[in-house]
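# Summary of structural features
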Amino acid sequence: MTKLDFEHRQSGHCESGVTSNLLNYHGFKISEPLVFGIGTGLFFSYLPFLKMQHAPVTSFRVWPGMVFDRATKAIGAKTRIHTFSDPKESMDLLDRTLEKGIPVGLQVGTFHLPFFPPEYRMHYNMHNMVVYGKENGSYLISDTVIEKPVTITYEDLMRVRFAKGAFAPKGRMYYPFEVPSEIDLKPAVIAGIRKTAYYMTGVPFPLIGVKGIRYLSRRMRNWQKKYGEAKASYYLGQVLRMEEEVGTAGAGFRFIYGAFLHEAADVINQPWLRDISFEMGENANKWREFSYVGSRNCKKRAKPEESYDMLADMLLDCAGREEKIFRKLSKIR
Amino acid sequence: MENETNPVYKDERYGQSRELFYFYEEGGKFEKKVGYHPDGSRIILQQAWDLFNERIEEAKQKALAGKVSPVVYYMEKTLVSPLDLSMHTGISLWRVKRHFKPRVFKRLNDKTLAKYAEVFKVSIDQLKNIE
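What counts, and where the lines are drawn
Residues numbered from 1 in each chain as written. Chains lettered and ligands numbered in written order. Predicted model: local features only at pLDDT ≥ 70, side-chain atom pairs only at ≥ 80, totals over all residues. Helix = DSSP H or I, 4+ residues; strand = E, 2+ residues; numbered from the N terminus. Rg over C-alpha atoms; globule rule 2.2 N^0.38 Å. Contact = placed C-beta atoms within 7 Å. Buried ≥ 20, exposed ≤ 12 C-beta atoms within 10 Å, placed from the backbone. Core = buried A, V, L, I, M, F, W, Y, C linked by C-beta atoms within 7 Å. Domains from an automatic or database assignment. Nonpolar A, V, L, I, M, F, W, Y, C, P; charged D, E, K, R; others polar. Axes fitted to C-alpha atoms, helices over the stretch in contact; angles between N-to-C directions. Parallel < 35°, antiparallel > 145°, perpendicular 65-115°, else oblique. pLDDT = per-residue confidence, 0-100. Expected span 1.5 Å × (residues − 1). Bend = angle between axes of the 7 residues up to and from the residue.

### Some thoughts on the overall build of chain A
Within chain A one finds 11 helices and nine strands. Radius of gyration (C-alpha) of chain A: 20 Å, near the 20 Å computed for a compact globule of 333 residues. Structurally, chain A occupies a C-alpha span of about 60 × 45 × 30 Å along its principal axes. Counted over contacts in chain A with a minimum sequence separation of 6, partners at least 24 positions apart contribute 71%.

### Digging into the overall build of chain B
Of the regular secondary structure elements, chain B holds seven helices and two strands. Whereas a compact globule of 131 residues would reach a radius of gyration of roughly 14 Å, chain B reaches 21 Å, over 25% beyond that. Principal axes of the C-alpha set define a box for chain B whose edges measure 70 × 25 × 20 Å. Counting the 131 residues in chain B, one finds 33% classified as buried. Long-range contacts, defined here as pairs at least 24 residues apart, represent 47% of the contacts in chain B between residues at least 6 apart.

### Brief notes about the nonpolar core
Residues Val-131 and Leu-315 of chain A are the most contacted members of the largest nonpolar core, which totals 84 residues. Per element, the largest residue contribution to this core is nine residues, and it comes from helix H11 (residues 308-329) of chain A. Of the domains in this structure, domain 1 (2-30 + 78-178) and domain 2 (186-329) of chain A are the two that each give at least three residues to this core. Leu-315 of chain A has contacts with Ile-213, Leu-216, Ser-217, Met-220 and Phe-290 of chain A, leaving out every residue within four places of it along the chain. In this structure, Val-71, Tyr-73, Tyr-74 and Leu-85 of chain B belong to the second largest nonpolar core, which totals 16 residues.

### What about the interface of chain B and chain A?
Contacts between chain B and chain A engage 28 residues on the former and 39 residues on the latter. Here the element with the most residues in the side of chain B that touches chain A is helix H1 (residues 39-64) of chain B; it accounts for eight residues. Among the residues forming the side of chain B that touches chain A, the class breakdown is 16 nonpolar, eight polar and four charged.

### Digging into the packing of helix H9 (residues 254-267) of chain A against helix H10 (residues 272-298) of chain A
All names here are of chain A. Where H9 contacts H10, the two axes come as close as 8 Å, and the packing angle between them is 170°. In this view, H9 runs roughly antiparallel relative to H10, as classed from their interaxial angle. Two secondary-structure elements touch here, H9 through Arg-254, Phe-255, Tyr-257, Gly-258, Leu-261, His-262, Ala-264 and Ala-265 and H10 through Leu-273, Arg-274, Ile-276, Ser-277, Met-280, Gly-281, Asn-283, Ala-284 and Trp-287. The residue inventory of the contact of H9 with H10, partitioned by class, reads 10 nonpolar, five polar and two charged.

### Details of the packing of helix H7 (residues 209-227) of chain A against H11 of chain A
Working note: a packed helix pair is described by the angle between its axes plus the distance between those axes. All names here are of chain A. Taken N-terminus to C-terminus, the directions of H7 and H11 make an angle of 175°; their axes are 8 Å apart at the nearest point. Looking at the two axes, H7 sits roughly antiparallel to H11. Packed against H7, whose contacting residues are Val-210, Ile-213, Arg-214, Leu-216, Ser-217, Met-220, Arg-221, Trp-223 and Gln-224, the element H11 presents Tyr-308, Asp-309, Leu-311, Ala-312, Leu-315, Leu-316, Cys-318, Ala-319, Glu-322 and Glu-323 at the interface. A breakdown of the residues in the contact of H7 with H11 according to their chemical character gives 12 nonpolar, two polar and five charged.

### A few points about the confidence of the model for chain B
All names here are of chain B. Summary statistics for chain B give a mean pLDDT of 82 and a share of 91% for residues scoring 70 or more. Per-residue pLDDT, averaged within each element of chain B, yields its smallest value for strand E2 (residues 29-35) (79) and its largest for helix H4 (residues 93-98) (91). Reported confidences for the modelled complex are a pTM of 0.85 and an ipTM of 0.77.

### Things to note about the domain arrangement of chain A
Domain boundaries assigned for chain A yield domain 1 (2-30 + 78-178) and domain 2 (186-329). Each of domain 1 of chain A and domain 2 of chain A was reduced to a C-alpha centroid, and the two centroids are 29 Å apart.

### Quick notes on H7 of chain A
Residue and element names in this part refer to chain A. Counted at 1.5 Å a residue, the expected span for H7 with its 19 residues is 27 Å, and the 25 Å between its end C-alpha atoms agrees. The axis of H7 is deflected most strongly, by about 40°, at Arg-221. Inspection of H7 places Gly-209, Val-210, Lys-211, Gly-212, Ile-213, Leu-216, Ser-217 and Met-220 among the buried residues, and these make up the whole buried set. The inward-facing, buried residues of H7 contact strand E2 (42-52), strand E3 (55-61), helix H6 (186-202) and H11. The first or second residue beyond H7 is Gly-228, which carries a positive phi of 85°.

### A closer look at the environment of Met-310 of chain A
All names here are of chain A. Here Met-310 is to be found in helix H11. Met-310 sits in the partly exposed class, given 17 other C-beta atoms within 10 Å. A C-alpha to C-alpha distance of 8.7 Å links Met-310 and Arg-221, two positions 89 residues apart in sequence.

### A look at unusual backbone geometry
One can expect most non-glycine residues to show negative phi and most peptide bonds to be in trans. Residues and elements named next belong to chain A. A positive phi angle, near 50°, is found at Thr-40, a position not held by glycine. Tracing the backbone shows Thr-40 in the loop between helix H2 (32-38) and E2. The class for Thr-40 is buried, based on 23 C-beta atoms found within 10 Å. Positive phi is not limited to glycine here, since Lys-170 has a value of about 50°. As for its position among the elements, Lys-170 is in the loop between helix H5 (154-161) and strand E9 (173-178).

Here's what the structure looks like:
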């Protein structure tokens, strides 16, 4: 019977929300966008050879776990990360950690998560949430997607922690236990921005970053001819689902990154970042427009000129904007 | 752009939750608001579920006609791919694919069937005879 005094705050992206809430509990006030930016959350990759839910994988974010690792390391917090092969052991350690008064972040699969909105209940093993207590045999959960804190039974929690399939969580649990109270965020912010700029413009591989967006745009032009109407529409839908669906805070994390740059301008006292954050905001709005037109296309309500060619052009436009933004950002000192 | 009312889905369990979204307004203001997801998301989410339901129905017809084994039907019903199914059951991929054939499926022992039944959350009886 433990219940920690944990403040549940809803957030746009599950992992950075969880990290920010956990740090907040330990008295380190940090907003979600700041965690996201310092943890180098923004990314783009298009992997046509990997299929997820019958369509190629498009990713707008870095690997799961990275945001927490990088953000906590950058601010000098001491953390523990565990994975398990034995479910029983993982639950015992969870109980013991809670009794010590430390809320715990968990990586879980969403398919069997009982309180999750049913429209999102597909096999997705990279969801994150916080356990902050145990009452009458069920656990108290703060899930950043849901408005209010919720509860989950022992059996259900064990099942979602050991969901199988791609990116299986293996009971992964993580928590900071020693957080510095005051720290200069400047080096952390600068390092985070540089790394993201490198990911988006510098990686010498065609499927990643700005090059990846251009590649997707090239492929998209041929979808209709290559796969036929139905499949092309579904592939487009998959890109949009990755971009807009739960946990992206809209426009494939571009809004949240813009908010980060806006906040960072004050934190490290470099006003030019604010102008770039506006560019990022406009870029995000373009992405939003892309998904809007795209979804109309999926519903076959598009006007004739709103074809895949037009969508591909919109992607090229976004790629151009992002290249400009990140070339400027890579010069940050 | 966010919706004040919930979007209407074919399935009425959907679209009941409110999420946090970030916005940018011209003139340089980032804001966050809690709301139902926009209409565009509704369309693309429904599209995914439509495809899943279509595949489930198709697999069901084929399984009832004896063209494929019930494993295919339950696989679609739990929304997994053959590779996922192999990871979930711990049976190698080529064996899983072989079990798609009714002829091979009929000869499966209870131990293997139990593995499938556990993943699909049905009894072995239900696994053998789909309704």
